[in-house]
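# Fold and geometry: a report
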Amino acid sequence: MLELRDITAGYDRGAPVVRGRSLTLAPGEAVGLLGPSGCGKSTLARVAALLHRPYAGTVVLDGTPAPGWRHRAPRALRTAFGVLFQQPRLSADPRLRLADAIAEPLRATGRKAEVPDRLRELAPLVGLTEDLLARRPHEVSDGQLQRACLARALVLRPRWLICDEMTAMLDASTTAALVAVVEIYRRESGAGVLAVGHDRTLLERWCDRTVTWAELGAATGAPTTGTSGTGAPTTGTPGAGTPTGMPGAG
């Protein structure tokens, strides 16, 4: 279980962008976090992934409070998260070929021997050819680069996947393809997914439940909160949220 308890965070202690927000995510569950631009949802997502230290509140993993953030967090906790950001060109090293960018987390954690096998598994899954893997970021489209960033986020087999507006810069077909990959991974691994965005239609079709930013001040995160794609209350049953009209939808 991933729990965010009464989180206050930001970049200026005197004016935090996140104030007293709470959210719970179960293993295997996909939760959509819906909010307008600038409300603080991306900051909360970074806190959830242990990338940003809050001013107050607690991140709890499987009943244990996180002991640190970023490189001060134990490796086992850091590698439990995969993160996919909105702008792939800001999160990819322009000097690295796509294959090297995908493999970077493995090399950084002393698992270089796994690189060939993981590339063979992930490249076709996200739709990258050998030719694309040999290119650098400036030689591919935003959609192709985001496919590589998704493969990088999955390469360590994370237990939790944080998708921070990952489709905001993509066309409809690429959005559908990447959401389908996330759903395949969630179904096969039992990972929990936090999908942050401002597209209500996408989140409600994709996720088991969707909560709004305004709802996070109370005891949201309980499986009975949020709405389904029909606007009716949903129980948030893990594994139920393949978007209608996307690959893999029934």
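Right, let's walk through the structure included here. (Residues numbered from 1 in each chain as written. Predicted model: local features only at pLDDT ≥ 70, side-chain atom pairs only at ≥ 80, totals over all residues. Heavy atoms only, no water.)

### Observations regarding the environment of C207
- Structurally, C207 is set in the loop between α9 (200-206) and β9 (209-212).
- Spatially, the C-alpha atoms of C207 and E183 are 9.5 Å apart, while their sequence positions differ by 24 residues. (Helix = DSSP H or I, 4+ residues; strand = E, 2+ residues; numbered from the N terminus.)

### Examining the layout of surface pockets
- Quantified by volume, the largest pocket comes out at close to 840 Å³.
- Along its surface, the largest pocket is lined by 24 residues, and L51, R78, F81, P105 and L156 are the ones closest to its centre.
- When residues of the lining of the largest pocket are traced back to their parent elements, those giving at least two are α2 (75-78), β6 (81-84), α4 (98-108) and α7 (142-154).
- Split by residue class, the lining of the largest pocket holds 12 nonpolar, five polar and seven charged. (1 Å grid on protein atoms, 1.4 Å probe; cavity = no way out; pocket = protein on both sides within 12 Å on 5 of 7 lines; lining within 4 Å. Points joined across faces, edges and corners; volume = space filled by probe spheres on them. Nonpolar A, V, L, I, M, F, W, Y, C, P; charged D, E, K, R; others polar.)

### Focus on the sheet that holds strand β5 (residues 64-65)
- Strand order in the open sheet formed by four strands is β2-β1-β4-β5, and the pairing between neighbours is antiparallel. The strands lining the two open edges of the sheet, one partner per strand, are β2 (18-25) and β5.
- Sheet analysis places strand β1 (residues 2-9) next to strand β4 (residues 56-61), joined by five bridges and oriented antiparallel. Its bridge partner being in β4, E3 is matched across the sheet by V60.
- Lying over the sheet, helix α1 (residues 41-48) contacts β1, β2 and β4, oriented at roughly 125° with respect to β1. (Pairing = 2+ DSSP bridges. Contact = heavy atoms within 4.5 Å. Axes fitted to C-alpha atoms, helices over the stretch in contact; angles between N-to-C directions.)

### Structural notes on the pattern of salt bridges
- Inspection of every chain in the model, using the stated rule, returns 17 salt bridges.
- Across the salt bridge formed by R107 and D100, the nearest N and O atoms sit 3.6 Å from each other.
- R118 serves as the salt-bridge partner of E121, at 2.4 Å between the closest nitrogen and oxygen. With E121 and R118 both in helix α5 (residues 115-126) and three residues apart, this pair spans about one turn of that helix.
- When its relative accessible area of 41% is taken as the criterion, E121 is described as partly exposed. (Salt bridge = Lys/Arg side-chain N within 4 Å of Asp/Glu carboxyl O. Buried < 20%, exposed > 50% of the residue type's maximum accessible area, 1.4 Å probe, protein only.)

### Quick notes on the sheet that holds β9
- The strand order β6-β7-β8-β3-β9 describes an open sheet built from five strands, whose pairing is parallel. Each of the sheet's edge strands pairs with one partner strand only, and the pair in question is β6 and β9. Strand-to-strand, the axes of this sheet are offset by a mean angle of 15°, without reference to chain direction.
- Relative to strand β8 (residues 192-197), strand β3 (residues 30-34) runs parallel, the two being bridged by five bridges. What sits directly across from L34, in β8, is G197.
- Sheet strands in contact with α1 are β3, β6, β7 (160-164) and β8, and its direction is about 160° off that of β8.

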